[in-house]
Amino acid sequence: MDLDTYIVKVFCMIDDAMKILYQDQKLRARGSEPILSDSEVITIETVGEYLGFDQDKHIFKYFRSHFSHFFPALRQIHRTTFVRQAANLWQAKEKVWQFILDFIRHDPALSIMDSFPIAACYFARAKKCRRFRGEAAYGKDRLIKQTFYGFRLHLHLSWPGVITSFILAPANVDEKEVVPELAKRRPGLKLTDRNYWAPLLKAELKADSILLEAAFKMAKFDPWPERSTLINHFRYRIETVFSQLTERFQIKKVWAKDLWHFQSRLLRKVLSHTICFVLNQFQGNSPLQFAKL
């Protein structure tokens, strides 16, 4: 579909969700309504992320220059007003994301969990970095075998690859510690890699109907190599999502200076990914082939 059609579809989806979610309550307890509607702001954010703009100023400038006929109020407000309104809508973005999930065809009984590192700054500057002080931490990036300073983003995917929950944790938090919260109220089979091998945790989660299945902790001594191969075959789906979040949505670029703004940025990227997923399903495409939109 062309970009104009894509923007209209995204706006209709978000606006319908906002009307249903806030039909019995006001989004703001006080103050006047903004010039640019909340549905328009979230639409601009999510479409901007889909187009690869990871900075607020680039999103605002692009839509003001090329799509002010869709969003005429953009001509009347300053960029800082747009950025402030977008950041304050983090709870609305989370609700819209969860609302849209109900309309996606997926299997909640089959899920994949994993995490990837997000550096808050270059390692050489970590000791002097003022951003996220007391919130970020040092951790190990196992892929490149280097220490970094920042966070790990823990994802919970339901088959065939839709993000159903995520947790941003300091880099020194062990992945197994996050599992109970990440899988909370989501029973079913959870496929993970070797880093999640924990027989005691598996026994505890089984009481909540959560079946944690991880490849054996050491490949060299794996007593069930065929089982681990089968787990990894399905688990690789999350690597596709990681690649999309890293390349198209540039999730590893941290432009925020505090955790609140960073969480808001993460939510709009996840929401944009989910919208692309559902639009592909509506069109009959493979849900993770975003290039077909």
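Before any of the text, the structure's been laid out above.
The text that follows walks through the structure, step by step, so that each part is easy to find. Residue indices follow the written sequence of each chain, beginning from 1 at its first position. Local features are withheld for residues below a pLDDT of 70 in this predicted model, meaning they are given only at 70 or higher, and side-chain atom pairs are given and counted only at 80 or more; totals for whole chains, interfaces and linings count all residues. Water and hydrogen atoms play no part in the side-chain values, which are based on all heavy atoms of the structure.

Brief notes about the packing of helix 4 (residues 79–88) against helix 10 (residues 259–283)
Helix-helix packing is characterised by the crossing angle of the two axes and by the distance between the axes.
Logical step 1: The N-to-C vectors of helix 4 and helix 10 enclose an angle of 80°; their axes lie 9 Å apart at closest approach. Compared by their axis directions, helix 4 and helix 10 come out roughly perpendicular. The segment helix 4 lies against helix 10, with Ala86, Ala87 and Asn88 engaging Trp260, His261 and Ser264. Working convention: axes come from line fits to C-alpha atoms, limited for helices to the stretch in contact. Angles between N-to-C directions cover 0 to 180 degrees. Helix numbers and strand numbers start at the N terminus; a helix is a DSSP run of H or I with at least 4 residues, a strand a run of E with at least 2. We call two directions roughly parallel when the angle between them is under 35 degrees, roughly antiparallel when it is over 145, roughly perpendicular when it lies between 65 and 115, and oblique otherwise. We call two residues in contact whenever any of their non-hydrogen atoms come within 4.5 Å of each other.

Considerations on the side chain of Glu45
Logical step 1: With respect to the secondary-structure elements, Glu45 resides in helix 2 (residues 38–50).
Logical step 2: Owing to a relative accessible area of 1%, Glu45 belongs among the buried residues under this scheme.
Logical step 3: Polar contact criterion, stated in full: a pair of N or O atoms within 3.5 Å, where within protein one must be able to donate a hydrogen and the other to accept it, and residues adjacent in sequence count only if both atoms are side-chain atoms. A polar contact of 3.0 Å, which involves the side chain of Glu45, links it to the side chain of Arg268. Summary of the burial criterion: residues with accessible area below 20% of their type's maximum are buried, those above 50% are exposed, and those between are partly exposed, where the area comes from a 1.4 Å probe applied to protein chains only.

Some thoughts on helix 2
Logical step 1: Look at helix 2: 19 Å from first C-alpha to last across 13 residues, which is about the 18 Å you get at 1.5 Å a residue.
Logical step 2: Of all the 13 residues making up helix 2, 13 are buried; the element is thus mostly covered by neighbouring parts of the structure.
Logical step 3: After helix 2 finishes, the residue Gly52 shows a positive phi value of roughly 95°. Here, expected helix span is obtained from the residue count minus one, scaled by 1.5 Å.

A short note on unusual backbone geometry
Logical step 1: For the peptide bond that leads from Trp159 to Pro160, omega is 15°, which places it in the cis range.
Logical step 2: Within the secondary structure layout, Pro160 lies in the loop between strand 3 (146–159) and strand 4 (162–170).
Logical step 3: Despite not being glycine, Arg185 has its phi angle at roughly 60°, a positive value.
Logical step 4: For Arg185, the position within the fold is in the loop between helix 6 (175–182) and strand 5 (188–192).

Here's the deal with the pairing of strand 3
Logical step 1: Among the 14 residues in strand 3, 11 count as buried, and that is most of the element.
Logical step 2: Bridge analysis of strand 1 (residues 107–119) against strand 3 gives 10 bridges, and the strand direction is antiparallel. Among the inter-strand pairings, Asp107 is bridged to a residue of strand 3, identified as Trp159.
Logical step 3: Of the pairings in the sheet, the one linking strand 2 (residues 137–141) to strand 3 comprises 5 bridges and is antiparallel in character. For Lys140, the partnering residue across the bridge sits in strand 3 and is Thr147.
Logical step 4: In the sheet, strand 3 pairs with strand 4 via 8 bridges, with the strands oriented antiparallel. By the bridge assignment for strand 4, His156 is matched with Ser165.
Logical step 5: Joining the antiparallel neighbours strand 3 and strand 4 is a turn of 2 residues, in which Gly161 adopts a positive phi near 140°. When DSSP locates at least two bridges between a pair of strands, those strands are taken to pair.

Digging into the packing of aromatic side chains
Logical step 1: Working definition: rings of Phe, Tyr and Trp (its six-membered ring) pair if their centres are within 6.5 Å, and the pair is stacked with planes under 30 degrees apart, edge-to-face with planes over 60 apart, and tilted otherwise. Under the definition given, this model contains 22 aromatic pairs.
Logical step 2: For the pair Phe123 and Tyr138, a centre-to-centre distance of 6.1 Å together with 75° between the ring planes defines the contact as edge-to-face. Highlighted residues: Phe123 in the loop between strand 1 and strand 2 and Tyr138 in strand 2, separated in sequence by 15 residues.
Logical step 3: Residue Tyr138 is classed as partly exposed on the basis of its relative accessible area, which comes to 39%.
Logical step 4: Feature note: the residues Phe53, Tyr62, Phe63, Phe67, Phe70 and Phe71 constitute an aromatic cluster, connected by ring pairs.
Logical step 5: Charge-over-ring contacts are defined here by two conditions on Lys NZ or Arg CZ: a distance within 6 Å of the ring centre and an angle within 35 degrees of the ring normal. Here the guanidinium or amino end of Arg237 rests over the ring plane of Trp159, the centre of that ring lying 4.4 Å away.

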